[in-house]
Structure formats: C-alpha cells, structure tokens
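Residues per chain are reported as follows:
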Amino acid sequence: MGLRLGFGLAWPLVLLAVMVHAQQYHDKSEPFTVEHKPGYCVWYGECAKTAPGSNQMYNCLYNGPAKKFAHNQTMFDLMQATCPQYINHTHPNDSLACCDYAQLDTLVTQEQIAVSLFSRCPACLKNFYNHFCATTCDPNQSLFLDYLNYTNRTFTDSGMSVSFVKSVDVYVTKEYAERLYNSCSNVEFPGQGSKVISLMCGEGDCNAEKWLAYLGDPVANHGEAPFAMAYHFEPNATVPIYPNMSARSQMDAKFYECNSSDPNVVCSCSDCPANNTCPPPPTFAIDHFPFKIVALAIGSVGGVVAVIICLAALISGIKEFCKKPGYAPIGQADNSTQYVSTNDDDNESSTSSEWNINNDNNTEVVHGDDCGCQSCCRIGAVLENFIKKVFYHWGKFAAEFWYIVLIFSLLFCAGLSIGLLFFNVTTDPVKLWSAPTSRARLEKGYFDTHFTPFYRTEQLIITAPNLTGFSFKPEGMLYANWTFGPVMRMEVLKEVYYLQENITNIVADYVDADGKKRTVALGDICFKPLLPDNGNCTIQSVLNYFQNDYVKLVNATHDPFGGTTYNASYHIHDCTRNPTDTKGKNGEGSCMAAYGAPIDPNTVLGGFQMEPNGIDYDFDSAEALVITFVVNNHVDDRLNKRAEAWEKAFLEYMQGYTGEYIKVVHSAERALEDELKRESETDIVTILVSYILMFAYITLFLGHVRSLSTILVDMKIILGFFGVGLVLVAVTSSLGFFSYIGLTASLIVLEVVPFLVLAVGVDNLFILVHSYERQAKKFAKVYNGNLQQMPIKELIGRTVGEVAPSLLLTSLSETSAFLLGGISTMPAVRTFSFYAGIAVFFNFLLQITAFVSMMALDARRQISNRFDVVCIKLKDKFDPRVGKDLVHGIMNFFAKTVLHWLVRPFILLFFCLTFTASLILLFRVNIGLDQTVALPKDSYLLPYFSSLNEYLHVGPPVYFVIQDGYNYTTKEGQNKICSGAGCDTASFGTQISVYARSSNHTRIAEAPLLWLDTYYQWISPNSDCCGINTTSHELCHESTNKSVPTCVPCLQRTWNESLRPNSTEFTEYLRWFLKDNPTTSCASGGHAAFAPAVQLENKTNTTHIQATYAMTYHTILKSSPDFIDALKKARELGANLTDTLNINVFPYSIFYVYYEQYLTIVHDMGLNISASLGAVFFVSFLLLGLNLWAALMVVMIVSSIIIHMLGSMAILGINANAVSLVNLVMTVGISVEFCSHIIRWFVSCSAPTRQKRALSALANMGASVFSGITVTKFIGVFVLLFAKSQIFEVYYFRMYMCMLLWGALHGLVLLPVLLSFIGPPYCPVRVSPPYSDSFLGDRRANREQSPPIPYSEPTRPPQPQSTTTTKGNSQQYPAPTYPRQYPTLPDLDGYDIGGTGAQQQYPAATRPREGSGGANERTRLIDS
C-alpha cells in the first residue's frame, strides 16, 4: 500500500467573516432594529475578546454611516495593499469603510493563511480577499449584513459598557456563491496532494453552500471562528424580507474568473481546468480487441476449410475403397499392393506380412509419390548413411568395451556435478522476472542509487465481522448525521491499540556480520522522517490521529460551542476531513501523527463508500482499519538482515494472534518470499511421489515380458533404474556445468527441468530397448534344434545405428529449441532455456554411451536366462521369440483403425474444428500472474490479498523522476516544473495534474506532490516559514509576527504570484527548506516530505540540484491487467513529459519491475516459440535427409500443438506469463518427441503408398512413443493434481496434462492421417550399406548356395527350394532362385549360446523379416 510522505499545511480557518445558517441562532439579547441603506455599517472596530485569554475579538455593534480613514496613513496604506477597491482614487480623502485599522490588521493577519493556500490561483485569491474585504469593510455593509445576535457587556474594572456582535446574517446570490466556490474548488494543496477546498468544507460531499456554512460554524470548525454568520442564498438580486425594508441589496462583490484573459489573475491549468490555454486532456483509443469480429471471421473461415478438408478426405477414401475388390472392414488391411520394404521394423505380424515381393519382375516397385529432387535425396541418403555407420560402430564399441564407456561417463558426469558446490538459486522476484538491462531494472537502480529504495512495509488489515455500525449526530450541526462502520467502535479501537503496542514492543534476535548475537526492535529499523528532531517511527494507523496516546483515545471532551461530546469517532471524522489540522477541538485534538506527518485516511481506512456526489469518500463508513509499519530498506541486502529478523518475529507473533472483537490478516516485506520457499517445500512430497511412480513404471515396463514364467528374467529393473538415474545425472551435470560459469538457477529450473528431461529421456529409453528386442527377436532362429542369435555387440551396433539418428534428431531439435529460447530477456525463461537445453543434450550423450553399454550387459544377463537384480540362472534357454508384445498388438489395431478410409475424414474434421476454436480463443488468453496463485493453498497471505482487494482504496505511489542535469535556478527552468500561477501552461506538474483528471484512463489518481510548489509556499514573504534571524542569521518562523522584529522574511520584497527567487536565493534557502520540520506556525517545512525527493550536491560552496522526483498515486489496482495498464499509461505520460519539455523524465513505482515483462509478453512468446520452431525445422531438415517436406510437417504439427495449448489456456484460466512461457517452450521440445520419431520412420519406409507407410510408422514407432513418453508422463502429471500449491495445479498439472493430451493426439492420431494424405515422398536413392561384413567368416562364399532359414510368414509367396547339403556340422540351404539386384545385409556368424558351441549361419535378408526392429532399421540399403 502506498505511503504518503507529503505534509500539508495545518491551516486554522480563522477568518474575520465566518458564517453559519440563520436557523442555528435566534436568541437576541435585546431587540434592535437595523437600518439598511447605502453607506451604513453594521459594525465598526473591535470591542471584546471571544473568551478569556483568546486572541479572537468580537466586532463592535455600529449601525451608522461608514467612516473615512484617509487621515490614518498606516490604515490607508494597508487598505491600498489589501482592499484597494475601497480607495476613492478620484478623491482619496473621501474613501469610506466600515472597519478601523485593528479590524483590517486582523483581516490581513488571518488571511495570510489564505494567501499561502490560494496564492497558486490568483483569481481565487482575489475573490477570497474581496469576499472578506466586503464583509469586513464594505461601506454599504448594511445592505447584505443583518444582526442575528448581539450582547451588551459591562467591564467591571472600568464600568464601561459595550455592545458587540455575536452573529450576523449574510445575503448573497446563489450565482455568486457558486462562482466563488468554483474559482477555488480545484486549487491544489501542494503539501498534501489534495484540494485546498477539501480541508475547508468539513463534509466530503462539498458544495458552495456547505463550504461557506462550514467556515462560519464554530462547532464544525472547532471554534476557529470568533462568532457566526449565516448565509442566505437567494436567487434574485433584491428580495424584500423585512416589512420595514423597502429594498436590500445582496452581496455581489467584484469577481474574477480563474480562466480570465488577464495574466495577473489567470490560474494555472492544475488549479483551473477551465483555463483555455491548458493542454488538452489525454485521448485514449479504445483498447478493446474486436473479439467478436475476429472470432466470427476465424470461425467462418475455419468452418469452411474444415468442411472442405473433410469432404476431400472422404472423397479420397471412397475412391480408394472403390478400387478394392471387396469391402475391407476396420482393422483389416489391404494386401493388393506389393512392394519392397527396406525397413526391418515393419509390423512383426500383420503389417509386414501384407507387403510382398514381386517375384516376377525382381525389381523394386517405383512409387507414385517418389521425390523429384534426386540431388537432395542423394545428399540426404549419403548423410543419413554416414550417421548410421558412425552410430553402428559406436554401438559395437560401447557393447564390447562397456567398462571403458561406463568409467569415462562416470568421470565426465562426476566432474560436471562437482560444480554443484558453486550452485546458487535465486528466489528474488526482481532477479527472476526482470533482466539487469531492462528499462524497469535500470530505472529502479537509478532511483535506489540517487534516492533511497522503497520502504519495507509490514501491514495489518483489521475488520470486526461480528459487530455492526452505529449512527452519530452532533448537536448544533445542521449537516452532520454520521454513520460509522463497526471498526469505529471504542471496544474495537481499544483492542487495536493493544495489538499495535504489542507489535511495537517486539524484540527479535539476530546474528550480525561479525557472528555476534544481537537484538533488534522496531525503533532500530523503522523509518523516522523527522530525525533528529523527532524519533517516532512511521506507523500509519488511525490511532496516530491520537498520536498513539491511549488517554487521548479513550477520554472524551465537551465541546463548549455546540455542547457535543467530542469522542474518538468524532475526532476521526474530523481528521479524515482535514488530516493536517494541528489544533483540533479546543486546540487539543491535533490530527498530525506522532512522527510529525498527516495521516491520509485512504491509507489507514478501508471498505468505505462514496459520497452521494460520486467524487468524495465517506470515511466514516469504513469497514476495515489498516495499520502499516514503515521500515527502512537498503540496496545492500546484508543491511536488511536486522529488518528481516524483526519481520520474522512479527510474523510469528501474528500467526499466533486471536482477537476478541477483531479479525486480523497480516503481511510483511519478507512474507511473500518466505511463502514461495514454503510452497516449494510443501510440494516436495508430491513431486517425489510423481517421480517415484514414473520410476516404478519405467523399471517395471521397460522390458517386454514374454510370459509369467519368464517375468523375472524379462523385467529390466536394473536397466530401467540405471536409465532413470542417467536422466537425473544429466540434470545434475547441467546444473554443475552452469554453476561453473556462474549462471544462477531458479526454482523453475529445479521444478521443471527434471520433469522435462525425464520425459525426453524415458521416450529414448523405450525406443532403444524396444528396438533391441525387435532386433533380437528377428534374428533369433532355430537350426538343428538349437536357438541361434546374432552376437550381442552386433545387435547393439545395429540397434544404435538405426535408432540413434532418430534420437539425435529429437535431441538436437530440443536442445536447439531450448538454447534459442535463451534469447528471452526474462531471466527465469533464459535460465530455464539454457539449463534445459544442456540437460537434454547431456541426457542424449549418456544414453548413447553409458545406457548402451548397460543395455549390452543386461542383454548378456537376459541371454544367460538370469533373473534381474538377483542374477539367478534358470535351466531353460532364453528364447526371444516367445510371447506377444501386448502394446505392439494394441497399436497395430489402433493404427489400422485411425488410418481407415472412413475414419480419417472425421479425424481431420475434429482437428480443423479444434484448431479453429483455439485460434479464436487465442485472444481470450489473459496476461499476468496473480501472486496468490504462487502461494500454498493454506498460506496466511491468501486472506490478506483477498482483504487487500476488498478494502483497498489507494493505489501504489508513483514517482516521476527528473534525471540529473536540469537547471532549476532560472525562472524559465522553474516555470517548466512548477504547477502554480505563473508556471508554463504545459509544465511538468501541470501535465501530471491534467492526466489525473482522467484517472479512469490514465491510472493517475491525483495531482503530484511537487517540492517546488511547496518551496514557493515556504519561501513566500507572506508565510511564517522562511525567516532570517537578524542576530544569529539562522532560520526563524516568526517573520510575519511584528512582536518579533529580529525575524525578517527571507525575501525582502513584496511577493506576488509571478515573482520567483533569483538563482542565489533559490539555492541558498533550498537547504533550509529541506531541513525544516513542519510546525504549527509553518506546516510547509520540507524535511519529511521532500528531503528524500531532492538530491543535492555541494560544488565549490554552491548547491547543485541533481535528480528530483514528484510523487503521486496510481488509482486502485487489483488485478494484473490493472497493474499492466498503470505501468503503460505512466510510461506514456513520462514519454510525453520528456518530449514536450526536453527533460529526461521517467516514472517509477515498486511494482514496475515485476510487471514490465507483461508489456512484451506476447512479443516474447512469439519470438521464443518462433526461434524454437526455427531450430526444430533446421535440425529436422538436416537429419531427415534434407527432406524439406518432412521438416515442414514437423514444424506444422508442433505449431498446431502450440496453438491448441494456447486455446486450452484460455479455457482453463491460465494466463500468459513467464511460467506459461517456460511451459510453452518446453511444449516445443515435448512435441518433437511425439512427432519426429514417427515422421522419420515414415520417411525411411519404402511402402508403395503413403497410407501404408503411415501405417507402418504408427504401428511400430507409435508403440514406443505411447508406452514411453505418453504413459510415463500421464502417471507423473496426474499426481500433480494433489499438489498443495495452486501454481502446481494451474501451471503444471493443467498445462502438462494439456501438453500430454494434445501431443499424443497430434503425434498418434493427426500426424499419421496427414502423412497418409500429404506425407513426404520416399526417395529411392541407393547407397552402400552401413553395416560391416567382418563377422561373416568363411560362410559368406557359400551364401548363394544356401537357402534361407525358413520361418513362418502367413502371406509369404511360395519360394523355390533346392536340396539341402551338409557341410561339417552345419546344414546349408541354397539361396532363393530369384535373382538379386542389390547388395544384401551380411550373414551372421555363429554365436555360442549356453556353451553348446552350435553356430548358425544366416543368409542375406532380401525382404521384410518377421519381427522388425527399431526405428528405420533396414534389412538392406540400395547401392548408388
């Protein structure tokens, strides 16, 4: 909540002419008939004091002709200076008046206060002067004044009897009253940031009638008026009221308009909105997005496109169906097309069996969708073959020399992980969300350096829910009928007093920088604005209207003027109307706080209603009290340790507090950061459960269980645990790597990066293991009763050679996407991107090194038929062919269903509609992060923020800073800054004031507290502030007091509205002004209010003004859009001030550094996501064999997932902010996992049609994607639903679940359908095979004479047979009789299983084999 430091002037409203309604007094002591005619008076001279010891005087009753005063030269001169309209310039000696010198001198003395108040607006000041000159001295006074009450008094000491006036009636026209009020109603109070009129009206709903009535009511204005005058507001100029009066003229003094063309009386734009020379009010374009129009356009176009696509797909399906000889139901494939598959891993059972060899032609079928760019295909094929060959040899090396790989991997990770010793996590919101070079951060640094950091605040919001309000009507006050809220009850105020006292007495322990134990109290750390003269802490509380004095709070006094009991609620009522009142009732009820400042009611009361005029507030109706303890803040965090220790003790006390009548919610400066830390700790258990469940799934389901009898052999608990461990090691290595280079981490890194890397890593684990199992099953054959298999290192080499390029594709895409996300200016996003990118890359490195070696070891265990974990060996032989893969079977059926000709159109229709809906909903995504979302659900700050939004009635302070380099000493320079009379019409202060008038749009609540305006008021010769003691040459405050002749004004000349101090005077007295404390005689001292606002520097005995600021307030800001709009509008005003005045100005408020990110969040999202998509495209294009079409499809699917995510955010109430941006960047990486593996399979598959290639890709690679990332992350994400933190539920559970669902639907449903229609063509370019033939031995020469090993293949056509021959211990089969055109895969050398020594030689694979392997594995490649 904003802190008001401005000090207003405590102006006593002691004016000679005071008014009260006539009906209030009718007790004339004696009947007296007043003669009303021109040239007659109703009083003359002063007769008696209003009370013993009082300085106020009653006027003598006199109903005679006006008197001449020219003979009294002193009075003549004073009249000439004060009321010159009564000087007869033609015959000066004939000048008449109804006042003597004493009355005129009293008027001048009393109106010095009005001069200080209204001097900013000469028209108002002249009208005010003329008004009271008329009531005091006008020679035709009897025409508009009438006696209401007078008294005869006899003085016992002299026996002299006098008659004096105690009350009179005043008659004015309503038009005059309104014009007088309007000319002064907008005059700013420079020391308080409010209107002067608000201090002189008594009631919030002020108007001309109430204003004049309040000024003359001794009850309402605390007895400031010596006697009462009642105003009669008549519509006509002449109204006969009394029978003995033929005519009585109403008062109609000379009047000046504030927008007059006379430069001597015209007021500034700040004080007179009607001034024609004022800058026009700011215009604002409608900031509402035409959502309905855009939604209608997108919906219409999207709907038409969806229908067209659906119809086209349906027609295509019908044409395909009509070509078939018979109806093919869902789940049954068409076997009519024959082609050569170069992919080993086609579906093991049905899919591969449907694709046959054309034995008649013995040539590969030319595809109708073949690529036309042969050069791109050739380069891509060579590049892909090279990558395969590298990974093939690496896989063999890692399998054979597993110990070397594991040792070096361990050393590599250990070396990086040691960097965790330097690991540092920041929880400072400023460092998390604002870049060091951002504008808000630089401006904050400038403000903190040149002034002081914004104060630390500890705050209470107090309500009395079980009590009701009450009514109070003071006696003798016509307009007073007050209704107070329940918090104004005495029992509540007493309880609040004891609570406040207990808090101020809290003493906390802490350890200083030297390691010594110390204690700290509030007085050691609080802000004391008037040091060294006043050592009281700044406590903004309604109790400070009583100076925190319990006796003043509970003791009621009697009002001698109205007979009303003056109690606590009465005093609060008065103080909320005039916070700067230093006298109060009977001079004993000051409203100034104990620390010397006024208390703005907006900062200490809440939940109050508006007055009927819709402008002012009814503070009496407040439903909440607000107490704010203001504590000093420091740029160096080490200096804040004492304050943090006290705040901790304060929070501990408040969490144990229970009130009898009151309910209290609380906060402290450190509270939010403490709760954010607790939020992370609160959900540690939830996160651990999530990870444990994912670990359990991976370890239990990573391997393919052939049967219940072999479950302990087939389970890969150790391998799964090792794989998950590598994921965690990759994360720690990334943390250690960046710790070495000094990149600070954040909680987002610790919470999100492990989750991300685990998602990517698990997918890779399943792909590697599933590919190896399919390879092992495919090459496992029985010969002469013995099971023969390919050597493990060869299987591992082939698995890595075929799968690693796909893993490299996804890993490099994700790494590049994340690293390019580091271009974000938000530190949290940039840090996450760097940590995530390197962690994903390290994960890939560990998986193709350490995990491959561990997989080879696990394969040896499994082939030896040993239990996992305990390694107990079974007697039976291991047979990888046994059993069926349930997931693979399910995906087979799923693939055929999704790609059926009747289903595909509806899938496209569904995604077209959801895509269109998501585009529409894009514009419904809100911006910002509600700070309550980041808190635990049981946080004590949640009710505090709720109360803050419910009861808050003041916005945060905003400072408009003028940077160093401006010259304030010249008149032209001053006129560009000030906002009073004589200042430029578009000055610094005026423009801010003009903006404040459109507060609903500009978010600027009121005119600024401008030090220069208050300085002019302070240095004015007409004030008691700036005086020089002629003896001591020090500052004195009695320059206008004739009884103190040694104190003379600082400016020894007549003061007028256009006069400015010269350069020497300006700098000479400025230091005095900034050191002067406000007092009863001079409330405009600038020590507390403006000493922090003006930075001075001494240069060779001169004072140089460096940076300065003017403070005002934002309007009430409750939501993120409010804060964002306030920042935007303040910067617009700052830019306008800079441009129009050629002054370097910027606005600063404490929340700007947090909300600046939202000004560009849409741009940042677009830039980060676009950069990530660009990285994905480039890597995909490179590693998919320079296949532009395939790379574009990857980007298209990922983009669609992002669009659907944004649409889901609008539905689920997820705002656009740094957290969601991190999740969207992560979505790009996760989406690559869902689509790149399948697209690469599709590109490598040589099926004759797109539909069959899509079927192969979905049936084979889709199984790994589904069982890997999809199921694993679903388990982990589901657990987050039970998190205690709202941010986990909203930004992690909801977004992760959407990410998972949309990724799976796009990758496993939409992508295969699109591939079946518009998938990239197959490039039939022949290159040499990547696999080595070195293991073939001498059996290669006999390959053509040996038949292939027979194995079951349901749709395999009959093959030519030849007689078998026996050579040694091996039976040889002749090769197929159909000719071979291309080089084939090498035969397999023998492998001894179980010590039998049996070896089996495998012929070349010339067609698809049953039991296909990993991604894009080939049985042969084509020669160039």
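Values in this document were obtained by computation on a predicted structure and should not be read as measured data.

A few points about a nonpolar patch on the surface
Taken together, the side chains of Phe397, Tyr403, Ile404, Ile407, Phe408 and Leu411 make up a nonpolar region of the molecular surface, amounting to roughly 590 Å² of accessible area. Element by element, the count of residues in the nonpolar patch is highest for helix α9 (residues 402-417), at five residues. Tracing the backbone through its elements, the reader meets Phe408 in helix α9.

Overview of the packing of helix α23 (residues 792-820) against helix α36 (residues 1161-1183)
Running from amino to carboxyl end, α23 crosses α36 at an angle of 155 degrees, the nearest separation of the two axes being 8 Å. Judged on the interaxial angle alone, α36 and α23 are roughly antiparallel. Relative to α36, the crossing made by α23 is right-handed. Residue-level contacts link Leu808, Leu809, Leu812, Ser813, Ser816, Ala817 and Leu820 of α23 to Ala1171, Ser1172, Ala1175, Val1176, Val1179, Ser1180 and Leu1183 of α36. Classifying every residue of the contact of α23 with α36 gives 10 nonpolar, four polar and no charged.

A word on the environment of Leu1183
With respect to the element layout, Leu1183 can be found in helix α36. Considered as a pair, Leu1183 and Ala381 are 802 residues apart in the sequence and their alpha carbons are 10.0 Å apart. Ignoring anything within four residues of it in the chain, the contact list for Leu1183 reads Ile387, Leu808, Leu809, Leu812 and Arg1240.

Points about the state of the cysteines
Evaluated as defined, the whole model comprises 12 disulfides. Across a sulfur-sulfur distance of 1.8 Å, Cys83 and Cys133 are joined as a disulfide pair. Around the S-S axis, the bridge from Cys83 to Cys133 shows a dihedral of about -75 degrees and counts as left-handed. Placement of Cys83 in the loop between α1 (73-82) and β4 (96-97) and of Cys133 in helix α3 (residues 122-137) is noted, with a sequence separation of 50 residues between them. Summarising the burial analysis for this pair, Cys83 and Cys133 share the class buried. For Cys526, the disulfide goes to Cys537, at an S-S distance of 1.9 Å. Disulfide Cys526-Cys537: the torsion about the S-S bond is -70 degrees, which places it as left-handed. You can see Cys526 sitting in the loop between α13 (522-525) and β16 (539-540) and its partner Cys537 sitting in the loop between α13 and β16, a full 11 residues away along the chain. Looking at Cys537, the relative accessible area reads 16%, which means it is buried.

With respect to the pattern of salt bridges
What the rule picks out here adds up to 24 salt bridges. Between Arg638 and Asp636 there is a salt bridge whose closest N-O contact spans 2.9 Å. Among the charged side chains, a network of salt bridges with common partners joins Arg1003, Asp1122, Asp1125 and Lys1129.

What to know about the nonpolar core
Counting residues in each nonpolar core, the largest one holds 298 residues, and the members touching the most others are Leu460, Phe832, Phe988, Trp1011 and Tyr1015. A per-element tally of this core places helix α40 (residues 1286-1318) first, with 21 residues. Look past the residues within four positions of Trp1011 in its chain and what remains in contact with it is Tyr968, Phe1066, Leu1070, Phe1073, Phe1090, Val1094, Ile1105, Thr1108 and Tyr1109. Ranked by size, the runner-up nonpolar core spans 72 residues in total, among them Tyr58, Leu61, Met75 and Cys124.

So, unusual backbone geometry
Here the bond from Leu531 into Pro532 is cis, since omega is 5 degrees, no more than 30 degrees from zero. Looking at where Pro532 falls in the secondary structure, it is placed in the loop between α13 and β16. We note that Gln547 has phi near 55 degrees; this positive angle belongs to a residue other than glycine. Locating Gln547 in the fold gives a position in the loop between β16 and α14 (550-554). Of the residues examined, Gln547 reaches a relative accessible area of 19% and is grouped as buried. Positioned with a positive phi, Asn1142 is a non-glycine residue whose angle comes to about 55 degrees. Assignment of secondary structure puts Asn1142 in the loop between α34 (1120-1141) and β33 (1145-1148). Classification of Asn1142 as exposed rests on a relative accessible area of 69%.

Some words on the pairing of strand β6 (residues 161-173)
In terms of burial, β6 is a largely internal element, 10 of the 13 residues being buried. Relative to strand β9 (residues 228-234), β6 is paired through seven bridges, and the arrangement is parallel. Each residue of the ladder has a partner; that of Val168, found in β9, is Met229.

Some remarks on the side chain of Thr815
Along the chain, Thr815 turns up in helix α23. Look at Thr815 and you get buried, because its relative accessible area is 7%.

Things to note about the sheet that holds strand β29 (residues 1035-1036)
Within a beta sheet, neighbouring strands are joined by backbone hydrogen bonds and run either parallel or antiparallel to one another. Spatially, β29-β28-β30 is the arrangement adopted by the three strands of the open sheet, whose pairing is antiparallel. Strand pairing shows two members of the sheet lacking a second neighbour, β29 and β30 (1047-1049), which therefore form its edges. In the sheet, strand β28 (residues 1027-1029) pairs with β29 via two bridges, with the strands oriented antiparallel. Residue Gly1027 lies in a different strand from β29, and its bridge partner there is Cys1036.

Considering the packing of aromatic side chains
Applying the stated criterion to the full structure yields 58 aromatic pairs. Geometrically, the ring pair formed by Tyr455 and Phe527 is tilted, given 4.5 Å between the ring centres and 40 degrees between the ring planes. Of the two residues, Tyr455 sits in the loop between α11 (439-450) and β11 (456-463) while Phe527 sits in the loop between α13 and β16, which places them 72 residues apart along the sequence. In this structure Tyr455 comes out as buried when scored by relative accessible area, which is 9%. On the accessibility criterion, Phe527 (10% relative accessible area) is buried. Taken together through their ring pairs, the aromatic side chains of Phe447, Phe451, Phe454, Tyr455, Phe527, Tyr959, Tyr1109 and Tyr1148 make up a single cluster. Above the plane of the ring of Tyr44 lies Lys67, whose end atom (NZ or CZ) is 4.3 Å from the centre.

Procedures and definitions
Residues numbered from 1 in each chain as written. Predicted model: local features only at pLDDT ≥ 70, side-chain atom pairs only at ≥ 80, totals over all residues. Heavy atoms only, no water. Patch = residues over 30% accessible without salt bridge, like charges linked within 9 Å, V, L, I, M, F, W, Y side chains within 5 Å. Areas by Shrake-Rupley, 256 points an atom, 1.4 Å probe, with all protein chains shown as cover. Salt bridge = Lys/Arg side-chain N within 4 Å of Asp/Glu carboxyl O. Helix = DSSP H or I, 4+ residues; strand = E, 2+ residues; numbered from the N terminus. Axes fitted to C-alpha atoms, helices over the stretch in contact; angles between N-to-C directions. Parallel < 35°, antiparallel > 145°, perpendicular 65-115°, else oblique. Left-handed = near helix turned anticlockwise from the far one by under 90°. Contact = heavy atoms within 4.5 Å. Nonpolar A, V, L, I, M, F, W, Y, C, P; charged D, E, K, R; others polar. Disulfide = S-S within 2.5 Å. Buried < 20%, exposed > 50% of the residue type's maximum accessible area, 1.4 Å probe, protein only. Core = buried A, V, L, I, M, F, W, Y, C linked by side-chain atoms within 4.5 Å. Pairing = 2+ DSSP bridges. Phe/Tyr/Trp six-rings, centres within 6.5 Å; stacked < 30°, edge-to-face > 60°. Lys NZ or Arg CZ within 6 Å of the ring centre and 35° of its normal.

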